[in-house]
Amino acid sequence: MDGREVVLAGFVHETRDLGGIAFLVLRDRKGLAQITLVKKMVGKEMFKSVRTISRESVVQVRGQVKAEPKAPRGFEILPTDVRVLSAAQVPLPLDPTEKVECELDTRLDARFMDIRRPCVLAAFEIESAVLRSLRDYFYGQKITEVFTPKIVAAATEGGTDLFPISYFEKEAFLNQSPQLYKQMLMGAGMDRVFEIGPIFRAEEHDTRRHLNEAISIDVEISFADDKEVMSILEGAVVEAYRYVAENCSYQLEVMGLDLQVPKAPFRRITYTEALEMASERAGVKMQWGDDLDTETERFLGETIGEHYFLTDWPSSIKPYYTLPYEDKPEICRGFDLMHPRMELASGAQRVHDYSLLVERIVEKGLDPDGFEFYLKAFRYGMPPHAGWGLGLSRLVMTMLKLENIRDAVIFPRDRRRLVP
Ligand code: AMO
């Protein structure tokens, strides 16, 4: 475009005044552009006014493109007009030019400014690519996208981790998982569904991998068992990595990452094998039937070093909708997908038999009356089915080696944070 007239707009990344010549560097999500002002050419007034534009203001420049090997991206703009569209106040809440690192809380308080930093923005652009690749993958597998309600009347996962809300004269909650609805859709004959949407967990956790609002990628498939949906799940993860590796080289470079695409099939380890492996560690006192603690997960992750599945869990620690093995009801067809750093997904073949489901609900100390709307779908023909839920932010966080799940969520909601 050498010699062409263009209009360019962006944030003021920096201004530099070298006497008779000044540089105005603009930034947008694709990178930097240098505007070169020669005092003699632009006149005293424009030269002076440009020097006083505050950093991060939004500016529009009209001018001529000139090839300049020393400028960022090999060109500069010789302006004929510089207009401030929106001036930035000083001081800035944080420095988006990345010269000064600051606390996560400061960054989240001024998230709009934080995301102007290319390495922060890159993660969200990659997240969008992950979603696109997953949707394409699901469509390719003839899976139908659905939306289920987030305002609900009952707990999905059991337990008390629910956010109550006021819903006219009724008691209602924010949904913990689309679990019950996606299962009901199997009873509706929809056969293969997926949903990408928020889940709400009123957990008190304050960790690097828990939030109170998260995006879950849920899949449910009729006439499938746990093994079949595990291969759909590992296929989805591999596809997301492959798509990002192929289509996000700019963002990966900005983040300084060399993405290794994992290879399917992932290793499958039963819960019992995992306990045996963990007992090789000194001082571990885990009993069969205990949930695996963070330490054990970390140990397994370090030992295995890649994605793996944990299968055949004790029925006692998986939710009521998980199908127990017929010949060994103390073990069930539930599984977790693990990244060496943390759990990414859990899923199962489900109980599709009405009486067994009621029995399992009662065994878990829950009241079947509260589940009537769900149970009803099991009384008139329910195909056997299986499915899983995958945490989007955990997938992105582990893919991009982010320290904290909050770095994978634009406006995170945690125990202490409700704004912005
Ligand atoms: P589960 O409760 O294991 O299973 O959730 C599935 C996945 O969702 C993500 N996740 C979270 N991410 C961040 N913060 C949280 N507080 C949080 N809670 C969950 C995790 C987790 O692996 N109904 C089942 C799924 C199924 O069986 O289909 C369920 O919700 O990545």
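These figures come from a predicted structure and were not determined experimentally. (Residues numbered from 1 in each chain as written. Predicted model: local features only at pLDDT ≥ 70, side-chain atom pairs only at ≥ 80, totals over all residues. Heavy atoms only, no water.)

1. Description of the packing of aromatic side chains
(1) Moving on: One pass over the structure, following the stated rule, counts 15 aromatic pairs.
(2) Moving on: When the centroid spacing of 6.1 Å and the interplanar angle of 35° are considered together, the rings of Phe266 and Phe309 count as tilted. With Phe266 in the loop between helix H8 (249-254) and strand E12 (267-270) and Phe309 in strand E13 (residues 308-311), this residue pair connects regions lying 43 residues apart in the sequence.
(3) Moving on: When its relative accessible area of 0% is taken as the criterion, Phe309 is described as buried.
(4) Moving on: Three or more aromatic residues link up through ring pairs in this structure, and these residues are Tyr137, Phe138, Tyr139, Phe194 and Trp388. (Phe/Tyr/Trp six-rings, centres within 6.5 Å; stacked < 30°, edge-to-face > 60°. Helix = DSSP H or I, 4+ residues; strand = E, 2+ residues; numbered from the N terminus. Buried < 20%, exposed > 50% of the residue type's maximum accessible area, 1.4 Å probe, protein only.)

2. With respect to the domain arrangement of the protein chain
Note: interface size is frequently given as the accessible area lost on complex formation between the parts.
(1) Moving on: When cut into domains, the protein chain gives domain 1 (5-86) and domain 2 (113-408).
(2) Moving on: Distance between the C-alpha centres of domain 1 and domain 2: 49 Å.
(3) Moving on: Contacts between the two partners involve six residues from domain 1 and, on the opposite side, five residues from domain 2.
(4) Moving on: In terms of surface lost to domain 2, no three residues of domain 1 exceed Arg27, Arg29 and Glu56, which account for 70% of the buried area on that side.
(5) Moving on: Viewed at the interface, domain 2 and domain 1 are joined by two salt bridges. (Domains from an automatic or database assignment. Contact = heavy atoms within 4.5 Å. Buried area = accessible area lost by both parts, 1.4 Å probe. Salt bridge = Lys/Arg side-chain N within 4 Å of Asp/Glu carboxyl O.)

3. Focus on the packing of helix H9 (residues 271-278) against helix H10 (residues 294-304)
(1) Moving on: Direction vectors running N to C along H9 and H10 enclose 90°, while the axes themselves pass 10 Å from each other. Classified by the angle between their axes, H9 and H10 sit roughly perpendicular to one another. Residues Ala274, Met277 and Ala278 of H9 lie in contact with H10, whose contacting residues are Thr296, Phe299, Leu300, Thr303 and Ile304.
(2) Moving on: Here the contact of H9 with H10 is composed, by residue class, of six nonpolar, two polar and no charged. (Axes fitted to C-alpha atoms, helices over the stretch in contact; angles between N-to-C directions. Parallel < 35°, antiparallel > 145°, perpendicular 65-115°, else oblique. Nonpolar A, V, L, I, M, F, W, Y, C, P; charged D, E, K, R; others polar.)

4. Here's the deal with the sheet that holds strand E14 (residues 334-339)
(1) Moving on: Strands sit in the order E6-E10-E11-E16-E15-E14-E13-E12 across an open sheet of eight strands; the sheet is mixed. The open sheet has two edge strands with one neighbour each: strand E6 (144-145) and E12.
(2) Moving on: Relative to E13, E12 runs parallel, the two sharing four bridges. Each bridged residue has a counterpart across the sheet, and for Ile269 the counterpart in E13 is Leu310.
(3) Moving on: The strands touched by H10 within the sheet are E12, E13, E14 and strand E15 (342-349), with E13 carrying the most contacts at an inclination of about 135°. (Pairing = 2+ DSSP bridges.)

5. Quick look at the environment of Tyr181
(1) Moving on: Within the secondary structure, Tyr181 sits in helix H6 (residues 179-187).
(2) Moving on: Taking the C-alpha atoms as reference points, Tyr181 and Pro149, separated by 32 residues in sequence, lie 8.2 Å from one another.
(3) Moving on: Filtering out sequence-adjacent residues up to four positions away, Tyr181 remains in contact with Thr148, Pro149, Val152, Asn175 and Phe373.

6. What to know about the site of the ligand
(1) Moving on: With respect to spatial proximity, 23 residues lie near the ligand, and among them Gln179, Arg201, Glu343, Ser346 and Arg350 are the closest.
(2) Moving on: Within the contact set of the ligand, a nitrogen atom lies 3.1 Å away from a side-chain nitrogen or oxygen of Ser177.
(3) Moving on: Leu211 is positioned with one of its backbone polar atoms (N or O) 2.8 Å from a nitrogen atom of the ligand.
(4) Moving on: In the complex, 92% of the free accessible area of the ligand, which totals 620 Å², lies under the protein chains.
(5) Moving on: If one sorts the elements of the shell around the ligand by residue count, E15 sits on top with five residues.
(6) Moving on: For the shell around the ligand, the per-class residue count stands at eight nonpolar, seven polar and eight charged. (Near = heavy atom within 4 Å. Polar contact = N/O pair within 3.5 Å; in protein donor to acceptor, adjacent residues only side chain to side chain. Areas by Shrake-Rupley, 256 points an atom, 1.4 Å probe, with all protein chains shown as cover.)

7. Remarks on the sheet that holds strand E7 (residues 151-152)
(1) Moving on: Ordered in space as E7-E9-E8, the three strands form an open sheet in which the pairing is antiparallel. A single partner strand is all that each edge strand has here, and the edge strands are E7 and strand E8 (163-167).
(2) Moving on: Judged from the five bridges that link them, E8 and strand E9 (residues 170-174) form a sheet pairing that is antiparallel. Its bridge partner being in E9, Ser166 is matched across the sheet by Glu171.

8. Quick notes on unusual backbone geometry
(1) Moving on: Here the residue pair Val90 and Pro91 is connected by a cis peptide bond, since its omega of -5° sits within 30 degrees of zero.
(2) Moving on: Assignment of secondary structure puts Pro91 in the loop between strand E5 (75-86) and helix H3 (104-109).
(3) Moving on: Between Ala264 and Pro265 the backbone carries a cis peptide bond, its omega angle lying at -5°.
(4) Moving on: If you trace the backbone, Pro265 turns up in the loop between H8 and E12.
(5) Moving on: The backbone phi angle of Arg73 is positive, close to 60°, even though this residue is not glycine.
(6) Moving on: Residue position: Arg73 is located in the loop between strand E4 (58-67) and E5.
(7) Moving on: Although it is not a glycine, Asp191 adopts a positive phi angle of roughly 65°.
(8) Moving on: On the basis of relative accessible area, Asp191 is assigned to the partly exposed category, the value being 34%.

9. Thoughts on the side chain of Arg360
(1) Moving on: Inspection of the secondary structure puts Arg360 in helix H11 (residues 354-363).
(2) Moving on: Other than its neighbours up to four places away in sequence, Arg360 contacts Ser315, Lys318, Pro319, Tyr320, Thr322, Pro324 and Val351.

10. What about the nonpolar core?
Soluble globular proteins: nonpolar side chains tend toward being buried together.
(1) Moving on: Grouped together as the largest cluster of nonpolar side chains are 53 residues, with contacts concentrated most on Val130, Phe138, Trp388 and Leu400.
(2) Moving on: Contributions of two or more residues to this core are made by helix H5 (118-140), strand E10 (192-200), strand E11 (213-222), helix H7 (226-247), E14, E15, strand E16 (385-391) and helix H13 (392-399).
(3) Moving on: Counting residues per element, this core draws most heavily on H7, at 11 residues.
(4) Moving on: Phe138 has contacts with Ile143, Phe194, Ile217, Val219, Ala236 and Trp388, leaving out every residue within four places of it along the chain. (Core = buried A, V, L, I, M, F, W, Y, C linked by side-chain atoms within 4.5 Å.)

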